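Observations on the three-dimensional arrangement
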Amino acid sequence: MKLTINGAEHELQAATLAELLQRLEFEGDWLATAVNGELVRKADRAGHRLEDSDRIEILSPMQGG
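A brief look at the structure comes next. Along each chain, the written sequence defines residue order, and numbers are assigned to residues from 1. It should be noted that, the model being predicted, local features are given only for residues of pLDDT at least 70 and side-chain atom pairs only at 80 or more, the latter also being counted only at that level, while totals for whole chains, interfaces and linings use all residues. Note that water and hydrogens are dropped before the side-chain values are worked out from all heavy atoms of the structure.

1. Concerning the environment of W30
In this description a helix means any DSSP run of H or I spanning at least four residues, a strand means any run of E spanning at least two, and both kinds are numbered starting from the N terminus. In this fold, W30 is placed in the loop between α1 (17–23) and β3 (32–35). Note on exposure labels: buried denotes an accessible area under 20% of the residue type's maximum, exposed denotes more than 50%, and partly exposed covers the range between, all computed with a 1.4 Å probe on protein chains only. By relative accessible area, W30 is classed as exposed at 54%. Distance in space between the C-alpha atoms of W30 and L59 is 8.9 Å, their sequence separation being 29 residues. Residues are treated as being in contact if the distance between any of their heavy atoms lies within 4.5 Å. Contacts of W30, omitting those with residues within four sequence positions, involve L59, S60 and P61.

2. Some words on the sheet that holds strand β4 (residues 38–40)
Think of it this way: DSSP has to see at least two bridges between two strands before they count as a pair. Sheet architecture is open: five strands sit in the order β2-β1-β5-β3-β4, paired in mixed fashion. Only two strands of the sheet have a single partner each, and these edge strands are β2 (8–11) and β4. For this sheet, the mean angle separating the axes of adjacent strands, direction not counted, is 30°. Sheet analysis places β3 next to strand β5 (residues 55–59), joined by four bridges and oriented antiparallel. By the bridge assignment, T33 is partnered in β5 with I58. Here an angle of 0 to 180 degrees is reported between the N-to-C directions of two axes, which are lines fitted to C-alpha atoms, with helices fitted over the stretch in contact.

Below, the structure written as structure tokens:
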């Protein structure tokens, strides 16, 4: 399926947002995620089904200043 992740198009297979994060090797307790402009809480990622053409934003904290 085609997904837009942080502004870049990708061809990936992932049934849920949690599976996508695992495939992309995003780890850690603190990530902010949104699908099609709607915030998806950590507790809801495993049940959030992805569809072709979804727009996903994944933000992680950065160090530095």
